[in-house]
Amino acid sequence: MDLTLQVIGHVRSPLTSRADAPRQGDEGAPEADLDLVDEVAPALSGIAVGDELLVLTWLHEGDRSTLTTRPRNDPTRPETGVFATRSPDRPNPLGLHRVTVLALDGNRLHVSGLEAIDGTPLVDLKPVLGAVDER
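No experiment lies behind these values; they were computed from the predicted model shown.

Chemist: So, the nonpolar core: which residues are in play, and what are the values?
Modeler: In this structure, L34, L36, L109, L114, L122 and L125 are the most contacted members of the largest nonpolar core, which totals 18 residues. Secondary-structure elements contributing two or more residues to this core are β2 (32–36), β3 (52–58), β6 (94–105), β7 (108–111) and β8 (121–127). A per-element tally of this core places β2 first, with three residues. Excluding anything up to four places from it in sequence, L34 contacts H10, V11, V55, N107, R108, L109, V111, L114, L122 and L125.

Here it is in structure tokens:
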């Protein structure tokens, strides 16, 4: 089975290392840019300032051999399987980030509260759906 992913762009952020990044976007993550490649630019049609998006990333610095961790790296917490955590270290290091679009400029989206580090590959963008949203 072929599960090849296409990188659709990269995160541009003031966060340059995992140590700099907050654990979640609502824990002080800065504004950042999503720079998309030209080939996927038509896929941005319909996205507007104020939209909430789910950004899927490939957490390229994640350790793919990690199967258990202590949540939030807290030594007082019990060892837990990574599928029960939001750890970036996991067999398939996909990141899921909820952001709000602050500005659009061509293939670049300026977004709020993204905890991914600079250079993180983008895999997909999806709208956050509301109860009456028909996208």
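So, next bit.
Chemist: So, the environment of A84: which residues are in play, and what are the values?
Modeler: Along the chain, A84 falls in the loop between β5 (80–81) and β6. Sequence separation of A84 and T68 is 16 residues, and the distance between their C-alpha atoms is 9.2 Å.

Chemist: Give me the sheet that holds β3: which residues, what numbers.
Modeler: By way of backbone hydrogen bonds, the strands of a sheet pair with one another, either parallel or antiparallel. Reading around the circumference, β1-β2-β7-β6-β3-β8 is the order of the six strands in this closed barrel, with antiparallel pairing throughout. Along the sheet, successive strands turn relative to each other by an average axial angle of 45°, direction set aside. The pairing of strand β1 (residues 9–12) with β8 spans two bridges and is classified as antiparallel. By the bridge assignment for β8, H10 is matched with P121.

Chemist: Kindly report on the pairing of β8, identifying the contributing residues and their values.
Modeler: Where β3 and β8 come together, five bridges link them in antiparallel fashion. If you follow L56 over to β8, its bridge partner there is D124.

Rules used throughout
- Residues numbered from 1 in each chain as written.
- Predicted model: local features only at pLDDT ≥ 70, side-chain atom pairs only at ≥ 80, totals over all residues.
- Heavy atoms only, no water.
- Core = buried A, V, L, I, M, F, W, Y, C linked by side-chain atoms within 4.5 Å.
- Buried < 20%, exposed > 50% of the residue type's maximum accessible area, 1.4 Å probe, protein only.
- Helix = DSSP H or I, 4+ residues; strand = E, 2+ residues; numbered from the N terminus.
- Contact = heavy atoms within 4.5 Å.
- Pairing = 2+ DSSP bridges.
- Axes fitted to C-alpha atoms, helices over the stretch in contact; angles between N-to-C directions.

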